[in-house]
Amino acid sequence: SILRHEYYLAGRIGVKKDAVILDCGCGIGGPARNIARFTGANIKAVTINQFQVDRGNAISVREGIRDQVELIQGDFMKLPFPDASFDAVYAIESTCHAPDRAGVYSEIFRVL
């Protein structure tokens, strides 16, 4: 199941309670909400699409998890975060669409 895969992913990257995690290319944030509920982590999730940000944040409010999950409009080729901001980063079916894989992974490495 998709949910089991998200839990497996959280385990593989060692997500712990109160960790700060980045979902890189989050869509409307379904995996971010599931992983936050499962682990107790705080997740920032970035998507380039403002509609997805608005929709995902509204769902997080409705589901009572907005204090743990924040969707932010941004480009994963130029992440809007300072260096060393996150304990871990994951991407599910998003970075394969990057125009330059070295560029997106350089940004991910920078924020870790």
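Everything numeric in this text was worked out from a predicted model, so none of it was measured.

Analysis parameters
- Residues numbered from 1 in each chain as written.
- Predicted model: local features only at pLDDT ≥ 70, side-chain atom pairs only at ≥ 80, totals over all residues.
- Heavy atoms only, no water.
- Buried < 20%, exposed > 50% of the residue type's maximum accessible area, 1.4 Å probe, protein only.
- Helix = DSSP H or I, 4+ residues; strand = E, 2+ residues; numbered from the N terminus.
- Contact = heavy atoms within 4.5 Å.
- Salt bridge = Lys/Arg side-chain N within 4 Å of Asp/Glu carboxyl O.

Q: Explanation requested: helix 2 (residues 30-39) in the structure shown.
A: Think of an α-helix as 3.6 residues a turn; residues three or four steps apart then line up on the same face. Within helix 2, seven of the ten residues are buried, which leaves the element mostly enclosed by the surrounding structure. When we look at burial in helix 2, the residues that qualify are Pro31, Ala32, Arg33, Asn34, Ile35, Ala36 and Thr39. The inward-facing, buried residues of helix 2 abut helix 1 (2-12), strand 1 (20-24), strand 2 (42-47), helix 3 (50-62), strand 3 (69-73) and strand 4 (88-90). Two residues or fewer past helix 2, Gly40 is found with a positive phi of approximately 85°.

Q: Teacher, can you tell me more about unusual backbone geometry here?
A: Outside of glycine, negative phi angles account for most residues, and trans bonds account for most peptide bonds. The residue Asp18 is not glycine, and still its phi comes out positive at about 70°. Examined against the element boundaries, Asp18 turns out to sit in the loop between helix 1 and strand 1. Positive phi, normally seen in glycine, also occurs at Ala84, with a value near 55°. Position of Ala84 relative to the elements: it lies in the loop between strand 3 and strand 4.

Q: Explain the pattern of salt bridges here, please?
A: Should their charged atoms come close, side chains of opposite charge can pair. This model, assessed by the stated rule, comprises six salt bridges. Linking Lys17 and Asp18 is a salt bridge whose minimum nitrogen-to-oxygen distance equals 3.9 Å. By relative accessible area, which is 62% here, Lys17 ends up exposed. Here Glu63 ties to Arg33 by a salt bridge, and the two come within 3.6 Å at their closest N and O atoms. Highlighted residues: Glu63 in the loop between helix 3 and strand 3 and Arg33 in helix 2, separated in sequence by 30 residues. A single network of salt bridges, built from pairs that share partners, joins Arg33, Arg37 and Glu63.

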